[in-house]
Amino acid sequence: MNKNYWTLIVPVIFLTVVYYLNIIIDSYFNLPKIPFNLNLIAYPLIIIGMTIIFSVFYLFINFGAGTPIPKQFVPKLATKKLVTNGVFKYSRNPFAIGMLMTLVGFGLYIKSYFMIALTIIMFIGGYLFIVYVEEPDMEQRFSKEYLEYKKKVQRWLPKFRS
């Protein structure tokens with residue numbers, strides 16, 4: 001089995017760059033700050049978000065025989081098997097949810113309106129990518145198996161059955 005654990009560094013680098021870039025932009029342009037401390041919300045968002053992100057990479061590497069890097073970018077590293085266990089039992093896109101939680105947590109931690117706004121813009125871009133690029137690719141690569149998975153699992157947040 002192909003173990004690409006080195007790819008775990010990709011989200012860490014991305015999050016670090018976004019975090020420090022926001023601090024620099026906020027201070028350079030003297031942007032307004034969130035006027036109150038929201039660390040009690042920020043810390044859990046960051047911790048839960050990062051836990052989700054690393055679990056996604058773990059599942060892709062160990063069960064998908066690849067990485068979360070989309071096939072369109074690096075075909076050799078893309079997952080070979082559809083991953084439907086772990087956090088993927090509850091959401092088809094837990095990585096996006098983990099990133100959203102982490103970035104919003106960072107924004108609250110550094111009290112940055114700019115980072116919250118940038119996170120929303122990145123989430124919209126991610127949404128469009130998932131809907132128009134990733135999902136059609138998954139349907140093509142995993143056909144019936146993915147279509148069945150789509151019927152059972154929501155794109156973002158889990159279904160709560162009564």
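All values derive from a computational prediction rather than experimental measurement. (Residues numbered from 1 in each chain as written. Predicted model: local features only at pLDDT ≥ 70, side-chain atom pairs only at ≥ 80, totals over all residues. Heavy atoms only, no water.)

### Digging into the environment of Lys159
Summarising the element assignment, Lys159 is placed in the segment after α4 (113-152). You can call Lys159 partly exposed: its relative accessible area is 38%. The residues touching Lys159, leaving out its near neighbours within four places in the chain, are Lys151, Lys152 and Gln154. (Helix = DSSP H or I, 4+ residues; strand = E, 2+ residues; numbered from the N terminus. Buried < 20%, exposed > 50% of the residue type's maximum accessible area, 1.4 Å probe, protein only. Contact = heavy atoms within 4.5 Å.)

### What to know about the pattern of salt bridges
In the structure shown here, the tally under the stated rule is 6 salt bridges. For Glu135, the salt bridge is made with Arg155, and the minimal N-O distance between the two is 2.9 Å. Of the two residues, Glu135 is situated in helix α4 and Arg155 in the segment after α4; the sequence distance between them amounts to 20 residues. Glu135 sits in the buried class, given a relative accessible area of 4%. Here Glu139 makes a salt bridge to Lys150, at a shortest N to O gap of 2.6 Å. You can call Glu139 partly exposed: its relative accessible area is 30%. (Salt bridge = Lys/Arg side-chain N within 4 Å of Asp/Glu carboxyl O.)

### Topic: unusual backbone geometry
One non-glycine residue, Asn30, adopts positive backbone phi at about 50°. Within the secondary structure layout, Asn30 lies in the loop between α1 (9-28) and α2 (39-63). Judged by its relative accessible area of 67%, Asn30 is exposed. A positive phi angle, near 55°, is found at Ala65, a position not held by glycine.

### Some points on the environment of Val83
For Val83, the location among the structural elements is in the loop between α2 and α3 (94-109). A relative accessible area of 5% means that Val83 is categorised as buried. Residues Val83 and Gly66, spaced 17 residues apart in sequence, show a C-alpha to C-alpha distance of 10 Å. Setting aside residues up to four positions removed in sequence, Val83 forms contacts with Leu59, Phe60, Phe63, Gly64, Phe88 and Tyr149.

### So, α4
Helix length check: α4 (40 residues) gives 36 Å between terminal C-alpha atoms against 58 Å at 1.5 Å per residue, more than 12% under. The largest bend in α4 comes to about 125°, at Phe142. Those residues of α4 lying buried are Met115, Thr119, Ile130, Val131, Glu135, Asp137, Met138, Phe142, Tyr146 and Tyr149. In the core, the buried residues of α4 are packed alongside α1 and α3. If you check the start of α4, you find a side-chain oxygen 3.4 Å away from the backbone N of Phe114, and it comes from Ser112. (Expected span 1.5 Å × (residues − 1). Bend = angle between axes of the 7 residues up to and from the residue. Polar contact = N/O pair within 3.5 Å; in protein donor to acceptor, adjacent residues only side chain to side chain.)

### Overview of the confidence of the model for the protein
Averaged over every residue, the pLDDT of the protein is 90; residues scoring 70 or more account for 94%. Summarising per-element confidence for the protein, the mean pLDDT is lowest in α1 (91) and highest in α3 (96). (pLDDT = per-residue confidence, 0-100.)

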